[in-house]
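What follows is each chain in one-letter form.
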Amino acid sequence: MKKMLALPLAVCMLAPVIGIANTNTAPAASAKAESAAASTGDWMPHNYVLSGYEIPTGMSYDGDAGTVSFTGSLNAGIATTGFSYLKAIDVTDFSVDMTLNIPDIDKLTWMSLTFLDKNIIADDQNSIPVNMPFNALSGFGGYQNTEQTGLVFMLNTNQLLENNVLGLSTIAKNFDVETGEAADAPWADVTQDKAVSNFKLDAEWNGHLSLSFTENGDGVGMNVNGGAWKGIGEGGEYDFTAPYLNSGSTFAGFKEYFAEHECYFGMVMMYSDDSHRPVTLTVNEVNGMKASDGVAPAYRVDKTVTQDHLTVTVPNASMGNFGVYASAIDGLKVVKYDETDGDWEIVKERADKLGYDVIDYFSVAPTVGGVTVNLKAAMDVTYTLPSTGYSDYKFYFLNEDGEAQELGADLATVQDGKVVLKIDNENVYQVIVYGKAGKKSGCNGSVGIASVSGAGFLAVAAVIGIVAYKKKNEKGE
């Protein structure tokens, strides 16, 4: 598995990440919409970095069927394949219907359904907040995750194929399910005397699982498969029937807490062994409507940002940070270098050899909440050249030998008084613009970085990335 370097910058605010704020405000009314289908963009796969490893879940959707699917196969001893519903739900009126294609489902460690007040969060491995499951944060071993509050239903499947039985552990995170007040214990199993611990499905397991929440007095009633199950009765047989999984409590505190906070549904599963199996989790319906409207999620689009007279369009396909989408970009880091830079002498020496002037010496990179975003492919930065004073231009970068090396024609193209520079900022490198003194006409604009052409996603030559990494570390950037 590919390792990634954690960004060494401060954790940024949540709101810029996907344009959806997980704020502690009262939730909207029922999530049921007037349309026949939920927005595909309301779903997001779990993509995050944990202990240096990329933990991926893929996402696809079928507009005709109205379904959204999540795929994965990684087993790294932690939460793996999973997803979140980004739209806040009403815990007294919620339902979801799923088809689960999980090979060897009896070999899962667990399959968890979560109802938490946050799903887009940051930690020491993910400086930019990304969609993560409930146990991905530091402190996993001792369940010391205090970033999220809510309920986790952990389903044990080791008897599912043999006996059609599911085990259930109901976990309260950071609050009391009876009162809704904050609790000192960030991980409390409240199953005993409050919810069934094992239940047998009435029909043989076929991969179908539905979950529903309804109002139940001062609390909430939670159920699976429309109540088509039985719990263990006094004789040890599965003959105990109850209207809800939480048969011994209304979980009034759960209802009260989420009357004041938003609640987000999510799911994640993990195998107990080291085998990697292809897993597909398909959501068919949410709140009685189709799960997908067939429209591509807005968070996957390219992003254009204007800052300090600079406009940059970053293709989503160029994003290099795992789980971070181009739509999250909210700023640019532009660095202008001058005589105080340690490499200025090299830059000026090349200018003297060429007989050109140094017009500009700079770097530019997109950011999210002030954190620099890595790119795995090029963005096109269009630089407006001076309208007068120069008859020719050359474009350079600093190579690994500490020399100013000319950019190839495929990386710097001049047309109509502008130069299109293809810049890969996975490792930011310095670009130098040289100009030859002499009269030039027919160009408009002024010296400086102006705009970006929207196409051109060619990757920068590998040597530039290597040079950038070396130069950046030498400068301590």
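Each value, and the rule that gives it
- Residues numbered from 1 in each chain as written.
- Predicted model: local features only at pLDDT ≥ 70, side-chain atom pairs only at ≥ 80, totals over all residues.
- Heavy atoms only, no water.
- Phe/Tyr/Trp six-rings, centres within 6.5 Å; stacked < 30°, edge-to-face > 60°.
- Helix = DSSP H or I, 4+ residues; strand = E, 2+ residues; numbered from the N terminus.
- Buried < 20%, exposed > 50% of the residue type's maximum accessible area, 1.4 Å probe, protein only.
- Salt bridge = Lys/Arg side-chain N within 4 Å of Asp/Glu carboxyl O.
- Contact = heavy atoms within 4.5 Å.
- Lys, Arg positive; Asp, Glu negative; His and termini not counted.
- Polar contact = N/O pair within 3.5 Å; in protein donor to acceptor, adjacent residues only side chain to side chain.
- Pairing = 2+ DSSP bridges.
- pLDDT = per-residue confidence, 0-100.
- Patch = residues over 30% accessible without salt bridge, like charges linked within 9 Å, V, L, I, M, F, W, Y side chains within 5 Å.
- Areas by Shrake-Rupley, 256 points an atom, 1.4 Å probe, with all protein chains shown as cover.
- Charge placed at Lys NZ, Arg CZ, Asp CG, Glu CD.

1. Notes on the packing of aromatic side chains
- For the structure shown, the criterion picks out 24 aromatic pairs.
- Taking 4.4 Å as the distance between ring centres and 40° as the angle between the ring planes, the aromatic pair formed by Trp-43 and Tyr-85 counts as tilted. With Trp-43 in strand S1 (residues 43-45) and Tyr-85 in strand S6 (residues 82-85), this residue pair connects regions lying 42 residues apart in the sequence. Both residues of the pair, Trp-43 and Tyr-85, belong to the buried class.
- Judged by centre distance (5.4 Å) and plane angle (40°), the ring pair of Phe-115 and Phe-265 falls under tilted.

2. Regarding the pattern of salt bridges
- A complete count under the given rule lists 10 salt bridges for this structure.
- Notably, a salt bridge pairs Lys-118 with Asp-117, separated by 3.9 Å at the nearest N-O pair.
- Taking relative accessible area as the criterion, Asp-117 reaches 4% and is therefore assigned buried.
- Salt bridges linked by common partners bring Asp-104, Asp-273 and Arg-277 together as one network.

3. Quick look at the environment of Pro-366
- Note on placement: Pro-366 falls in strand S24 (residues 357-368).
- Judged by its relative accessible area of 0%, Pro-366 falls in the buried class.
- The spatial distance from the C-alpha of Pro-366 to the C-alpha of Thr-313 is 9.2 Å, given a sequence separation of 53 residues.
- Apart from residues lying up to four places away in sequence, Pro-366 is in contact with Val-314, Ile-329, Gly-331, Leu-332, Val-371, Thr-372, Val-373, Leu-375 and Met-379.

4. Some details on the side chain of Asp-123
- Within the secondary structure layout, Asp-123 lies in the loop between strand S9 (120-121) and strand S10 (130-131).
- No salt bridge is formed by the buried Asp-123, whose closest oppositely charged neighbour, Lys-173, lies at an N-O distance of 12 Å.
- Polar contacts involving the side chain of Asp-123 include one to the main-chain amide nitrogen of Gln-125, which spans 2.9 Å.
- One polar contact links the side chain of Asp-123 to the main-chain amide nitrogen of Asn-126, over a distance of 2.8 Å.

5. Examining the pairing of strand S7 (residues 93-101)
- Pairing analysis gives seven bridges linking S7 to strand S15 (residues 208-216), with the strands arranged antiparallel. Within the sheet, the bridge partner assigned to Ser-95 lies in S15 and is Ser-212.
- Bridge count between S7 and strand S19 (residues 279-286): six bridges; the pairing is antiparallel. Across the sheet, the residue bridging to Met-98 is Val-283, located in S19.

6. Focus on the confidence of the model for the chain
- For the chain, per-residue confidence averages 83 on the pLDDT scale, and 81% of positions sit at 70 or higher.
- The low-confidence segment residues 441-477 (pLDDT under 50) makes 89 contacts with residues lying over four places distant or belonging to another chain.

7. Describing the side chain of Asp-42
- Structurally, Asp-42 is set in the segment before S1.
- No salt bridge is formed by the buried Asp-42. Its closest oppositely charged neighbour is Lys-87, at 4.7 Å.
- Not counting the four nearest positions on each side in its chain, Asp-42 is found in contact with Ser-84, Tyr-85, Leu-86 and Lys-87.

8. A word on a negative patch on the surface
- Residues Asp-176, Glu-181, Glu-256 and Glu-260 make up a contiguous surface patch of negative charge.
- Inspection of the secondary structure assignment puts Glu-260 in helix H2 (residues 252-260).

9. Here's the deal with unusual backbone geometry
- Within the chain, Asp-193 stands out as a residue other than glycine whose phi angle is a positive 65°.
- Inspection of the secondary structure puts Asp-193 in the loop between strand S13 (188-189) and strand S14 (198-201).
- In this model, Phe-251 sits at a positive phi of 55°, which is unusual for a non-glycine residue.
- Looking at where Phe-251 falls in the secondary structure, it is placed in the loop between strand S17 (229-231) and H2.

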